[in-house]
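Close look at the chain arrangement
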Amino acid sequence: MASRGTNVVVSRAYRMRQKLQSALEATLLEIEDVSHQHAGHAPMRALPNAPQETHFNLKIVSPKFTGHTLVKRHRMVYDLLADELSSGLHAISIVAKTPQEVQQK
């Protein structure tokens, strides 16, 4: 019996979640697609095939951020999402905190 391959389309948000959760062991991970807010901007209109899932707000709490500056935390996130950034992800707004920073508030 031959098996048939299936084409499964996985959203960018799902791929981002998998990469970030796996590497950073996040205790909180919120990913909000805000692409619709940028759909009318000239740079987005100029892109072929009107790409979707281009702009995201990201809130992540991870113990892996402990001891790192805010800039280093953002670099960690950008490094994990390098494939996405090179394939249509245009912008990410990042809030990156440690569990201790969240508890202090």
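What you see is a predicted model; the values in this text were computed from it and never measured.

Cut-offs applied
Residues numbered from 1 in each chain as written. Predicted model: local features only at pLDDT ≥ 70, side-chain atom pairs only at ≥ 80, totals over all residues. Heavy atoms only, no water. Helix = DSSP H or I, 4+ residues; strand = E, 2+ residues; numbered from the N terminus. Buried < 20%, exposed > 50% of the residue type's maximum accessible area, 1.4 Å probe, protein only. Contact = heavy atoms within 4.5 Å. Areas by Shrake-Rupley, 256 points an atom, 1.4 Å probe, with all protein chains shown as cover. Expected span 1.5 Å × (residues − 1). Arc of directions from axis to C-beta. Pairing = 2+ DSSP bridges. Salt bridge = Lys/Arg side-chain N within 4 Å of Asp/Glu carboxyl O. Axes fitted to C-alpha atoms, helices over the stretch in contact; angles between N-to-C directions. Parallel < 35°, antiparallel > 145°, perpendicular 65-115°, else oblique. Left-handed = near helix turned anticlockwise from the far one by under 90°. Nonpolar A, V, L, I, M, F, W, Y, C, P; charged D, E, K, R; others polar.

Some thoughts on the overall build of the protein chain
A count of helical and extended segments in the protein chain gives five helices and three strands. Walking the protein chain from its N terminus toward its C terminus, one meets helices and strands in the order α-β-α-β-α-α-β-α. In the protein chain, which comprises 105 residues, the proportion classed as buried is 29%. Within the protein chain, counting contacts between residues at least 6 apart in sequence, those at least 24 apart form 72% of the total. Looking at the protein chain as shown, the accessible area adds up to about 7100 Å², and 53% of this sits on carbon and sulfur atoms.

Comments concerning helix H1 (residues 12–24)
In this model H1 runs 18 Å from its N-terminal to its C-terminal C-alpha over 13 residues, within 8% of the 18 Å that 1.5 Å per residue would give. For H1, the set of buried residues is Arg 12, Met 16, Leu 20 and Leu 24. Looking down the long axis of H1, one finds its buried residues gathered within 55° of arc, a one-sided arrangement. The inward-facing, buried residues of H1 abut strand E1 (28–33), strand E2 (55–61), helix H3 (70–80) and helix H4 (82–85). One or two steps after H1, the chain reaches Glu 25, where phi turns positive at roughly 50°.

A look at unusual backbone geometry
Notably, Glu 25 is not glycine yet its phi reads approximately 50°, a positive angle. In this structure, Glu 25 sits in the loop between H1 and E1. Looking at Glu 25, the relative accessible area reads 45%, which means it is partly exposed.

Structural notes on the pairing of strand E3 (residues 91–97)
Across the two faces of E3 the burial differs, with Ile 92, Ile 94 and Ala 96 buried and Ala 91, Ser 93, Val 95 and Lys 97 not buried at all. The pairing of E2 with E3 spans seven bridges and is classified as parallel. Within the sheet, the bridge partner assigned to Ile 60 lies in E3 and is Ala 96.

Quick look at the pattern of salt bridges
Per the stated rule, a full pass over the model turns up five salt bridges. Across the pair Arg 15 and Glu 84 runs a salt bridge, and its minimum N-O distance is 2.8 Å. Of this pair, Arg 15 sits in helix H1 while Glu 84 sits in helix H4; the two residues are 69 residues apart in sequence, bridging distant segments of the chain. One salt bridge in this structure joins Lys 64 and Glu 25, with 3.8 Å as the shortest N-O distance. Of the two residues, Lys 64 sits in the loop between E2 and H3 while Glu 25 sits in the loop between H1 and E1, which places them 39 residues apart along the sequence. Using a relative accessible area of 35% as the deciding quantity, one classes Lys 64 as partly exposed.

What about the packing of H1 against H3?
In the contact formed by H1 and H3, the axes pass within 10 Å of each other and the chain directions differ by 125°. Taken together, the axis directions place H1 and H3 in an arrangement best described as oblique. For the pair H1 and H3, the crossing hand works out as right-handed. In contact with Lys 19, Leu 20, Ala 23 and Leu 24 of H1, H3 contributes Met 76, Val 77 and Leu 80. Looking at side-chain class alone, the contact of H1 with H3 contains six nonpolar, no polar and one charged residues.

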